[in-house]
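Read off the chains here:
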Amino acid sequence: MDRILVVDDEEKIRTIIRKYAEFEGYDVTEAKDGIEALQLCRSQDFDVIILDIMMPKIDGFSTCRKIREIKTTPVIMLSARGEEYDRIHGFEMGVDDYVVKPFSPKELMMRIKVLISRTKTPKEEHVHETFEKEGLFIDFTGRVVTVNGERVNMSPREYELLFYLVKNRNIALEREKLITDVWGYDYYGDDRTLDTHIKLLRNSLGEYRKFLVTLRGVGYRFEA
């Protein structure tokens, strides 16, 4: 049975999520704040963490950052604010998905299902593969990216997006194809998530953002 940790200071929200999640067959654990969530993450393993931003004691962003120091568990961030800054900040902290309140519990369940299925999909065995162009070096197998010799730390989704773009370099990739192949064919988010990750990726690549070309009305292409 897949396990979900629901972190929200509103008991009503926790109860709604628990009701729907248990109906879908998930084992649900609740935490009313970030401190309790961190204690649970140190002692237990979960398949998905649903994390509210606005909480007492320690906010969701700080909680996510601390969780990322000890776990790679997929995180879905809940927020009453849908501004681009909040979404970008969340993804920078390592959030896998972002849901704005009020939300559809059924849609949230679908997002949980997508994250768990992608996390548990076995990786194909492959030889050690790298890419190098000017001062940009990518080790696909080791999941290491360096810019002019300096290692760049990115969120798991940034790595996946960059690796996909580079492996399909010089090919025009439509937005729908990128979302389908990187996030999953049954992704239930919106395409603003792709735009946000492209911005984060460009920031991470520094001067080599020049390789990532926007194709207006189409999508993106990695030219190198």
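Residues numbered from 1 in each chain as written. Predicted model: local features only at pLDDT ≥ 70, side-chain atom pairs only at ≥ 80, totals over all residues. Heavy atoms only, no water.

- The name given to the protein chain in an unreviewed UniProt entry is Stage 0 sporulation protein A homolog, and the organism recorded there is Roseburia zhanii.
- Under the Function (unreviewed entry) heading, UniProt states for the protein chain: "May play the central regulatory role in sporulation. It may be an element of the effector pathway responsible for the activation of sporulation genes in response to nutritional stress. Spo0A may act in concert with spo0H (a sigma factor) to control the expression of some genes that are critical to the sporulation process." (UniProt positions renumbered as here; feature names shortened; annotations may be inferred.)

## Description of the sheet that holds strand β10 (residues 173-174)
Next up, step 1: The strand order across the open sheet built from three strands is β10-β12-β11, with neighbouring strands paired in antiparallel fashion. Where the open sheet ends on each side, the last strands, each with one partner, are β10 and β11 (212-215).
Next up, step 2: With four bridges connecting them, β11 and strand β12 (residues 219-222) associate as antiparallel partners. Bridged to Val-213 within β12 is Arg-221.
Next up, step 3: Each of β10, β11 and β12 touches helix α6 (residues 156-167); the most contacted strand, β12, lies at about 70 degrees to it.
Next up, step 4: Sitting on the sheet, helix α8 (residues 192-205) is in contact with β11 and β12, with an inclination near 150 degrees to β11. (Pairing = 2+ DSSP bridges. Helix = DSSP H or I, 4+ residues; strand = E, 2+ residues; numbered from the N terminus. Contact = heavy atoms within 4.5 Å. Axes fitted to C-alpha atoms, helices over the stretch in contact; angles between N-to-C directions.)

## Some details on the pairing of strand β2 (residues 27-31)
Next up, step 1: Note: strand β1 (residues 3-7) against β2, five bridges, orientation parallel. When the sheet's bridge partners are listed, Val-7 is paired in β2 with Ala-31.
Next up, step 2: For the crossover that starts at β1, traverses helix α1 (residues 11-23) and ends in the parallel β2, the hand is right-handed. (Right-handed = clockwise from strand over helix to strand, strands pointing away.)

## Regarding the nonpolar core
Next up, step 1: Counting 29 residues, the largest nonpolar core has Leu-136, Ile-138, Val-145, Leu-161, Leu-162 and Leu-165 as the members making the most contacts within it.
Next up, step 2: Those elements that provide at least two residues to this core are β7 (136-139), β8 (144-147), α6, α7 (175-183), α8 and β12.
Next up, step 3: In terms of residue count, the dominant contributor to this core is α6 (seven residues).
Next up, step 4: Contacts of Val-145, omitting those with residues within four sequence positions, involve Leu-136, Phe-137, Ile-138, Glu-150, Arg-151, Val-152, Met-154, Tyr-159, Leu-162 and Phe-163.
Next up, step 5: Grouped together as the second largest cluster of nonpolar side chains are 24 residues, Phe-46, Leu-51, Ile-58 and Ile-88 included. (Core = buried A, V, L, I, M, F, W, Y, C linked by side-chain atoms within 4.5 Å. Buried < 20%, exposed > 50% of the residue type's maximum accessible area, 1.4 Å probe, protein only.)

## Quick notes on helix α5 (residues 105-119)
Next up, step 1: With 15 residues, α5 should reach 21 Å at 1.5 Å per residue; the first-to-last C-alpha distance of 21 Å fits that figure.
Next up, step 2: Looking only at α5, the buried set comprises Pro-105, Leu-108, Met-109, Arg-111, Ile-112, Val-114, Leu-115 and Ile-116. (Expected span 1.5 Å × (residues − 1).)

## Quick notes on the packing of α6 against α7
Next up, step 1: Here α6 crosses α7 at 125 degrees, and the two axes come no closer than 10 Å. On the basis of their axis angle, the class for α6 and α7 is oblique. Between α6 and α7 the crossing geometry is right-handed. Contact residues: Arg-157, Glu-160, Leu-161, Tyr-164 and Leu-165 in α6; Lys-177, Leu-178, Asp-181, Val-182 and Trp-183 in α7.
Next up, step 2: Classifying every residue of the contact of α6 with α7 gives six nonpolar, no polar and four charged. (Parallel < 35°, antiparallel > 145°, perpendicular 65-115°, else oblique. Left-handed = near helix turned anticlockwise from the far one by under 90°. Nonpolar A, V, L, I, M, F, W, Y, C, P; charged D, E, K, R; others polar.)

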